[in-house]
Amino acid sequence: MELNFVSVEGNSKNYKIALGILGGLTLLGLICFGLSYTKGHYLFGSSNVIPWGMPIVLAIYFIGLSAGSLILSTLVYVFGQEKYKPIGRMAVLLAIALIFGALVAIATDLGRPENFWRLFMFFYWNNMTSMFAINTILYGGYFVISIAYLGIIFSGSKLWMKRWGCLAIGWAAMVHMGTGAIFGFMAAREAWFSPIKPLEFLTAAVTSGVALLIVVLVLTMKFTGRDLKKEMVVSLSRLLIVFICVLALLIFLDKMTHLYAPERAAVLYSLTGKYSWIFWCLQIGLVIIVPLAILFNKKLKSIKWIFIASLSVVVGIFFERFFLVIPQAAFPQQYYPGHIEGVYGAIGSFPITPVEMGMSLGIVTMVGLLFLLGLKFMKALPEKTPEEVAAAAAKTAPPTTEVPVKSDAPASAGT
Amino acid sequence: MARWGMVIDLDKCTGCQECTIACKEENNVPHGSPEEQRRRQDPYWHKVIAASEGEYPTANIEMVPMPCMHCDNPACVQVCPAKATFRRNDGIVMQNFRRCIGCKYCLVACPYGARAYNYKEQEEEEYNRIDPPLRRDLIGCWPFPHRTHGMVEKCTFCFHRIEQALMEGKEIGTEVVPACVEACPAKARKFGDLDDPNSEVSILLSNRDAITLREAMGTKPKVHYLTK
């Protein structure tokens, strides 16, 4: 079956309202970033104990979603799973918007963002033993590769789609394992130090990628009035089950490795201390228990319930990142045997500050904005079937016909 | 080339914090408000921690002054993506403010919490140190004392004193020492060349039981502690 792709027309009221809201919030984020840049990072919650805050949480979350989303799109273009074809382009578009958001998030977390370019002076002004510098190559390359990939998909060359897709899938996996290594290789941070971190990150990335894809798929198809095939969502949800199970296993192994070794204070604190509810309720609950309970329940095999389960995973993975970056860094380091008194032995605190939250919100909405604009200027959505068009025409008085692609729309990439 | 190191006698240390104050004066490290100290957002280059062990009748508190350990195998240098942190040939681990991008990865990697991030624009009025003329061929880019927010700072072993002493031909370790060593009222701290077998630090290390902190990290610190 030949499948044509179209762009959304972008003239409907809902589209414009969404664009306005997202644009406004992005502007708010920009203002917050300006404040933090001029006044300093004391406006954030981070401190010398918990060095990284919300921007880094968002960055690794977005990188995960992006890598997962791109890996998913290769199901279509590399492994020839034709049934996923309607979402292939959208997945790549989403991956690009997300990696851009992640790079922006990292840049906003830097104390001197104007020195960002130094990260790209590979091998010259870069210290290549740093995981962060190695990841700059991975992220930068990933950004370029995924844009080229989208171009190739639009050009429609099957052979190159396959070749470039292979590169993209490998690179995406490396990107996320590299991100895991940023945390997993830090011997000084007991709760992070783990060889399993890269794999855990990769699995979390794919899990959240599938879940996000289901969420975006259902939402986009609903709001643009397209017909969603139930079999596709169900088969995606089966994938989701597999990934969640692997992720659960890896989390279990990671925690057990830390708990078994005698030096377990930091991990024990993170699992039983003041912020452990984030782990048990928001991470384990939302990523593993709720979705599995829904997906294994035969009575709940509808698009609505799968949507809820996926949403729960997407939100839960966010809190997994949050838990990793903030509460797990809060435990003080053991500089000297014994109990360290005073501020140097105190558990770190992380106040939720308005500037940081505003900036984070701005980054999230910026990604949404990019995605919406991408849908308008690129032919990423599958074309409506004649029956759907008829149904839409019957439902709304001024029919929003989207079949004829606007010829005056700015050229989509790769065409 | 010398390999500068420090020896701190825990038996002599009284925990008076004079070293911390001297460091703040010498290097113009901001004091920070109580709120900033509670939130751990104040820059510090030197700290004195108190480690307690045991219960009341047999309780013991050990005061451990902690400058930067100036490791021979520094974790911070390994992770700095921008080459802003580097180890000089004489073993001092330095921070180049012009290169620092403020990613705080070194804060994450340092096992000694020796690094601090500058969270806001600091006042510079208190600064009254007479700097030697900048010898950029010797010390590279060193924009201090001007500090901007958004960068990581750390102890420098008072390298400006060492540079000046080298230029003037004074003996380091006896005539010229870092500010914290100079200020210590109990004479618990010694500074000198670890590679020179006749230096005071080498003699102390060979005669007394010495430890370094968190040896399992493999960082090979150059700040040694003499045990009680």
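Quick notes on the rules
Residues numbered from 1 in each chain as written. Chains lettered and ligands numbered in written order. Predicted model: local features only at pLDDT ≥ 70, side-chain atom pairs only at ≥ 80, totals over all residues. Helix = DSSP H or I, 4+ residues; strand = E, 2+ residues; numbered from the N terminus. Rg over C-alpha atoms; globule rule 2.2 N^0.38 Å. Buried ≥ 20, exposed ≤ 12 C-beta atoms within 10 Å, placed from the backbone. Pairing = 2+ DSSP bridges. Contact = placed C-beta atoms within 7 Å. Axes fitted to C-alpha atoms, helices over the stretch in contact; angles between N-to-C directions. Core = buried A, V, L, I, M, F, W, Y, C linked by C-beta atoms within 7 Å. Parallel < 35°, antiparallel > 145°, perpendicular 65-115°, else oblique. Left-handed = near helix turned anticlockwise from the far one by under 90°. Nonpolar A, V, L, I, M, F, W, Y, C, P; charged D, E, K, R; others polar.

*Asks:* Would you take a moment to explain the overall build of chain A for this structure?
*Replies:* On a plain count of helices and strands, chain A comes out with 12 helices and 3 strands. A compact globule built from 415 residues should have a C-alpha radius of gyration of about 22 Å, and chain A, at 22 Å, falls within 12% of that. Principal axes of the C-alpha set define a box for chain A whose edges measure 75 × 50 × 40 Å. Within the span of chain A, comprising 415 residues, buried residues form 49% of the whole.

*Asks:* Can you help me understand the sheet that holds strand β10 (residues 223-226) of chain B in this one?
*Replies:* Note: strands within a sheet are paired through backbone hydrogen bonds, in either parallel or antiparallel orientation. Residue and element names in this part refer to chain B. Here we have 4 strands laid out as an open sheet, ordered β8-β1-β10-β9, and mixed in their pairing. Unpaired on one side and paired on the other, β8 (189-193) and β9 (210-211) mark the two borders of the sheet. Judged from the 5 bridges that link them, strand β1 (residues 4-9) and β8 form a sheet pairing that is antiparallel. Within β8, the position partnered with Trp 4 by the bridge is Asp 193. Contacts from helix α8 (residues 200-207) reach β1, β8, β9 and β10, with the element oriented near 115° to β8.

*Asks:* How should the nonpolar core be read in this particular structure?
*Replies:* Considering soluble globular proteins, one finds that nonpolar side chains tend to be buried as a cluster. Ranked by size, the top nonpolar core spans 188 residues in total, and within it A:Phe62, A:Leu93, A:Leu213, A:Ile214 and B:Ala109 carry the most contacts. The biggest single contributor to this core is helix α2 (residues 54-77) of chain A, with 17 residues. Excluding anything up to four places from it in sequence, B:Ala109 contacts A:Met186, A:Ala188, B:Ala75, B:Cys76 and B:Val79.

*Asks:* Mind showing me how you'd approach the packing of helix α6 (residues 197-223) of chain A against helix α7 (residues 230-260) of chain A here?
*Replies:* Packed helices, taken two at a time, are described by the angle between their axes plus the distance between the axes. Residue and element names in this part refer to chain A. For the pair α6 and α7, interaxial distance at closest approach is 9 Å and the crossing angle is 155°. With respect to each other, α6 and α7 are oriented roughly antiparallel. For the pair α6 and α7, the sense of crossing is left-handed. Contacts between α6 and α7 involve Leu 199, Glu 200, Thr 203, Ala 204, Val 206, Thr 207, Val 210, Ala 211, Leu 213 and Ile 214 on the former and, on the latter, Val 233, Leu 236, Ser 237, Leu 239, Leu 240, Phe 243, Ile 244, Val 246, Leu 247, Leu 250, Ile 251 and Asp 254.

*Asks:* Honestly, the interface of chain A and chain B in this entry has me stumped. Any pointers?
*Replies:* Many analyses report the size of an interface as the accessible area lost when the parts associate. Between chain A and chain B, the residue contacts involve 42 residues of the former and 46 residues of the latter. Elements with a contribution of two residues or more to the side of chain A that touches chain B: α4 (131-155) and β2 (339-340) of chain A. A total of 4 residues in the side of chain A that touches chain B trace back to one element, the largest contributor, which is α4(A). Considering only residue class, the side of chain A that touches chain B consists of 20 nonpolar, 17 polar and 5 charged.

*Asks:* Explanation requested: the environment of B:Lys228 in the structure shown.
*Replies:* For B:Lys228, the location among the structural elements is in the segment after β10. In this view, B:Lys228 contacts B:Leu10 and B:Asp11; residues no more than four positions away in its chain are not counted.

Keep in mind that these numbers describe shape and distance, not what the molecule does.
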